[in-house]
Amino acid sequence: MGSSPALDVRGLSCAVGGRVLLRDVALTARSGESLAVMGPSGSGKSTLLACLAGLLPATAGTVQVCGTDVGALRAGKAAAWRLRTIGFVYQFGELLPELSAVENAALPLLIGGTGRRTAYATAERLLAELGVAEVADSPAGVLSGGERQRVAVARALSTRPPLILADEPTGALDEHATDDVCALLYELPRRYGTTLLTVTHNPSVAHWADRRLVLRGGRLTESADV
């Protein structure tokens, strides 16, 4: 990897069904940095995350994560690369409700072939570090919104990925829980050395980030004031 940035996006464009969703997007981020991309619904925020993760092919341009060209990954290798390189946090946590919190947090490790004992020990440690050790054995379906998001963050961190992508991570939370989850999320780069990129429509969420950007009409611009 050398001195490559954790995330390096150049000339990224994406069109789906003849509709241009991203236009010549450029973005770089270093390890341990947090970024927030703001924009209204339909501005292309989720499309941007999908392109960064290699889930949606770019029409033009390149995406590199820790020196790996995402667009050059073969389908068979892309999933394994994504599992160890990118952690995802979604608006509703996207936990499996029938599994316990610790089972959800351990899933990426288990899928990646880590032994059960190690995977569960890692998940339990992360849940404790994130303040939800007491719900480790509770089914995800009975957790509060804030608890679900903390478990989702533990799951995202379980493989120690260099990049975490968060898609409207506080969109389903009340104001108090939003503040708690933001305090947790934006501490991750300093605490774990990961790069955090959050997309949100909420200025109060974006305010926590080291850098703020705005996505409008498929174009991304840096903004010092959101």
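Nothing here was measured: the structure is a model prediction, and the numbers come from that model. (Residues numbered from 1 in each chain as written. Predicted model: local features only at pLDDT ≥ 70, side-chain atom pairs only at ≥ 80, totals over all residues. Heavy atoms only, no water.)

A. Inspection of the sheet that holds strand β5 (residues 68–69) at higher detail. Read across the open sheet, the 4 strands follow the order β2-β1-β4-β5; overall the sheet is antiparallel. Of all the strands in the sheet, just β2 (19–29) and β5 have a single pairing partner and so form its edges. Sheet topology places strand β1 (residues 7–16) next to strand β4 (residues 60–65); 5 bridges connect them, and they run antiparallel. By the bridge assignment for β4, Ser 13 is matched with Ala 60. Sheet strands touched by helix α1 (residues 45–52): β1, β2 and β4. Its angle to β1, the strand with the most contacts, is close to 120 degrees. (Pairing = 2+ DSSP bridges. Helix = DSSP H or I, 4+ residues; strand = E, 2+ residues; numbered from the N terminus. Contact = heavy atoms within 4.5 Å. Axes fitted to C-alpha atoms, helices over the stretch in contact; angles between N-to-C directions.)

B. Region of interest: the pattern of salt bridges. Evaluated as defined, the whole model comprises 7 salt bridges. Of the charged contacts in the structure, one is a salt bridge between Glu 187 and Arg 190, with a shortest N-O distance of 2.2 Å. Classification of Glu 187 by relative accessible area gives partly exposed; the value is 27%. The exposure class of Arg 190 is exposed, given its relative accessible area of 64%. One salt bridge in this structure joins Arg 211 and Glu 222, with 2.8 Å as the shortest N-O distance. Remark: Glu 222 occurs in strand β10 (residues 219–223) and Arg 211 occurs in strand β9 (residues 211–216); sequence separation between them is 11 residues. Assessed through its relative accessible area of 18%, Arg 211 is described here as buried. Salt bridges sharing partners connect three or more residues here, namely Arg 30, Glu 33, Arg 211 and Glu 222. (Salt bridge = Lys/Arg side-chain N within 4 Å of Asp/Glu carboxyl O. Buried < 20%, exposed > 50% of the residue type's maximum accessible area, 1.4 Å probe, protein only.)

C. Molecular detail of the environment of Asp 180. Within the secondary structure, Asp 180 sits in helix α6 (residues 175–185). With 37 residues separating them in the primary sequence, Asp 180 and Leu 143 have C-alpha atoms 15 Å apart.

D. Main features of the packing of helix α3 (residues 101–111) against helix α4 (residues 116–129). One can describe the packing of α3 onto α4 by two numbers: an axis separation of 8 Å at closest approach and a directional angle of 125 degrees. Between α3 and α4, the interaxial angle falls into the category oblique. When you trace α3 past α4, the crossing you get is right-handed. Contacts from Ala 101, Val 102, Glu 103, Ala 105, Ala 106, Leu 109 and Leu 110 in α3 reach Arg 116, Ala 119, Tyr 120, Thr 122, Ala 123, Glu 124 and Leu 127 in α4. Residue composition of the contact of α3 with α4, by class: 10 nonpolar, 1 polar and 3 charged. (Parallel < 35°, antiparallel > 145°, perpendicular 65-115°, else oblique. Left-handed = near helix turned anticlockwise from the far one by under 90°. Nonpolar A, V, L, I, M, F, W, Y, C, P; charged D, E, K, R; others polar.)

E. Representation of the nonpolar core within the structure. Core analysis: the biggest nonpolar cluster contains 41 residues, and Leu 127, Leu 130, Val 153, Leu 157, Tyr 186 and Leu 188 have the highest contact counts within it. Of all elements in the fold, only β3 (34–38), α3, α4, α5 (145–157), β7 (163–167), α6, α7 (188–192) and α8 (203–206) reach the threshold of two or more residues within this core. At 6 residues, the largest contribution of residues to this core is made by α5. Val 65, Leu 163, Leu 197 and Leu 213 belong to the second-largest nonpolar core, a separate cluster that totals 29 residues. (Core = buried A, V, L, I, M, F, W, Y, C linked by side-chain atoms within 4.5 Å.)

F. Layout of a negative patch on the surface. On the surface, Asp 174, Glu 175, Asp 179 and Asp 180 cluster together into a negatively charged patch. Relative to the helices and strands, Asp 174 is located in the loop between β7 and α6. Look at Asp 174 and you get exposed, because its relative accessible area is 51%. (Patch = residues over 30% accessible without salt bridge, like charges linked within 9 Å, V, L, I, M, F, W, Y side chains within 5 Å. Areas by Shrake-Rupley, 256 points an atom, 1.4 Å probe, with all protein chains shown as cover. Lys, Arg positive; Asp, Glu negative; His and termini not counted. Charge placed at Lys NZ, Arg CZ, Asp CG, Glu CD.)

G. Up close: the pairing of strand β8 (residues 195–200). The buried count for β8 comes to 6 of 6 residues, which makes it a mostly enclosed element. Burial along β8 is two-sided: the face carrying Thr 195, Leu 197 and Val 199 and the face carrying Leu 196, Thr 198 and Thr 200 are both buried. In this structure, β3 lies alongside β8, joined through 5 bridges in parallel fashion. From the neighbouring strand, Ala 36 faces β8, where its bridge partner is Thr 198.

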